[in-house]
Amino acid sequence: MILRHLSLQQYRSYDSLRQEFSPSLNVLIGPNAQGKTNLLEAVYLLATSKSMRGSKDLELIAWDMPAAVVTGHVLRERANDLDLEVALSRTDKKSLVVNTVRVPRASEFVGQLKAVSFSATDLEVVRGEPSRRRRFMDLEISQLSPSYCHALGYYRKIVEQRNRLLKLMRDRSMRSTVEETLGTWTDQLIAYGSRMVERRAQFIRQLEEFARPIHTMMTDEAERLTLSYHPSFKAPEGLEAIQDAFRRALSEVREEELRRQLTLVGPHRDDITLLVNGRDVRTYGSQGQQRTVALSMKLAEVELMRELVGESPVCLLDDVFSELDARRRGHIFDITLDTCQTFLSTTDLELLPEPARSHACVYRVALGQVEPPSRG
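Here the structure is a predicted model, which is why all the values come from computation and not from measurement. (Residues numbered from 1 in each chain as written. Predicted model: local features only at pLDDT ≥ 70, side-chain atom pairs only at ≥ 80, totals over all residues. Heavy atoms only, no water.)

Draft legend 1. Broad picture of the pattern of salt bridges. On inspection of all chains with the given rule, the structure shows 22 salt bridges. Ionic pairing is found between E303 and R306, a salt bridge with its closest N-O pair at 2.6 Å. Of the two residues, E303 and R306 both sit in helix α9 (residues 287–309), 3 residues apart, roughly one turn of that helix. Across the pair E354 and R357 runs a salt bridge whose closest N-O atoms are separated by 2.7 Å. Of this pair, E354 and R357 both sit in helix α11 (residues 354–359), separated by 3 residues, roughly a single helical turn. The exposure class assigned to R357 is buried, which follows from its relative accessible area of 16%. (Salt bridge = Lys/Arg side-chain N within 4 Å of Asp/Glu carboxyl O. Helix = DSSP H or I, 4+ residues; strand = E, 2+ residues; numbered from the N terminus. Buried < 20%, exposed > 50% of the residue type's maximum accessible area, 1.4 Å probe, protein only.)

Structural data, given as structure tokens:
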């Protein structure tokens, strides 16, 4: 899978850019705050329809501009080539376009281009709040499963509506009126949420199969990594069994939900436990261990996508080498070099291993401008 062309209009620091890229290693070099990360973020936007930094859509539009457009031409080994477009506006809804046709749902766009991003903020997936790990699951699974992306979008709306109804239930005079409507939304919550729980459990099992040996290799067999998915209720295997367990869990917290006016059970309250040699790395791990776990999970994503899709994703490495020793930098290239189209931002070309420098197509970035490429 290769992003051959990228075009930006009024996107972040870029007034206008049309650029062709190498199918192998593309290195963006320049001082900080020149637009390197913005370019990588635009590629990720074409893959997921979202910022890899968690920014709001309006923040992606250049200052004082009414709209922004990102387009890309994608070459695929196992399917027809694609033209993708994301159009952002300060006054209108985000537009997602595949081959000149505007698609009505994000699930029809997300994952047409597949990408894995590596950045310093990956450490927060390991040591941060559960919401960071839920976002990690949602972004990665959505690229692999349109049905998951569809369920996720509906589930979020259902939770919002159900919370509004729970607030109305506080008024005892309205309870009988709202009760039936709340029951309907609860049924929808269970239907869509159970599909998400089933798919998340499968994804974490699959990811662990790749992450564990990668982590073992990076620690010279000194550490064993275990990934465990923890839904907000005890979920058995099988969709119907998950639905039954979800309904029972909601019934058990009904009074507490009415008191707090919030939906207290469901995928929006899930988490992942990350253990190194049986100990929770979030609580007991050193920063070096946490960084190695984060890198293992990201490299496992690359391998998992390659296994499930039949071709490699685009890899986006956002100034991660300054945080890694030479050995771990080498592990990244062992998995990505020669197999993935890679975009790498850095302030120092010397941080790249020599084999990578010899493969690199180098683009100098300054003040939202990209110079013609040179060989590393």
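Draft legend 2. Focus on the sheet that holds strand β2 (residues 14–20). What the 6 strands build is an open sheet, ordered β2-β1-β4-β5-β6-β7; its pairing is antiparallel. Strands with a single pairing partner mark the edges of an open sheet, and in this sheet they are β2 and β7 (101–102). Two elements, strand β1 (residues 2–11) and β2, share 6 bridges in a ladder whose sense is antiparallel. Bridge assignment links Q9 to a residue of β2, and that residue is S16. Sheet contacts for helix α1 (residues 36–48): β1, β2, β4 (67–75) and β5 (82–89); angle to β1, the most-contacted strand, approximately 115°. (Pairing = 2+ DSSP bridges. Contact = heavy atoms within 4.5 Å. Axes fitted to C-alpha atoms, helices over the stretch in contact; angles between N-to-C directions.)

Draft legend 3. Examining the sheet that holds strand β9 (residues 225–230) more closely. Ordered in space as β9-β10-β11, the 3 strands form an open sheet in which the pairing is antiparallel. The open sheet has two edge strands, β9 and β11 (279–280), and neither has a second partner. Bridge count between strand β10 (residues 271–276) and β11: 2 bridges; the pairing is antiparallel. Along β11, the bridge assignment pairs V276 with R279. Contacting β9 and β10, helix α5 (residues 175–218) runs over the sheet at an angle of about 175° to β9.

Draft legend 4. Examining unusual backbone geometry more closely. In this structure, T100 takes a positive phi of about 70° despite not being glycine. Inspection of the secondary structure assignment puts T100 in the loop between β6 (95–98) and β7. Not every positive phi belongs to a glycine, and D319 is a case in point at roughly 50°. By the secondary structure assignment, D319 is in the loop between β12 (314–318) and α10 (326–336).

Draft legend 5. Quick look at the packing of aromatic side chains. Tallying each qualifying case throughout the model produces 6 aromatic pairs. Considering the side-chain rings of F233 and F246, the 4.8 Å spacing of their centres and the 15° angle between planes classify their relative orientation as stacked. Within this pair, whereas F233 is found in the loop between β9 and α6 (239–252), its partner F246 is found in helix α6, the two being separated by 13 residues in sequence. Taken individually, F233 and F246 each receive the classification buried, so the pair is uniform in this respect. Each member of the aromatic cluster is reached from another via a ring pair, and the members are F21, F343 and Y363. The cationic tip of K157 hangs over the ring face of Y154; the distance from NZ or CZ to the ring centre is 5.8 Å. Stacked on the ring of Y192, the Lys or Arg R195 has its end atom at 4.7 Å from the ring centre. (Phe/Tyr/Trp six-rings, centres within 6.5 Å; stacked < 30°, edge-to-face > 60°. Lys NZ or Arg CZ within 6 Å of the ring centre and 35° of its normal.)

Draft legend 6. Examining the pairing of β1 more closely. Two strands pair when backbone bridges link them, and β1 and β4 are joined in this way by 7 bridges, in the antiparallel orientation. Bridging from a neighbouring strand, H5 pairs with H73 of β4. Between the antiparallel neighbours β1 and β2 lie 2 residues, among them R12 with a positive phi of about 50°.

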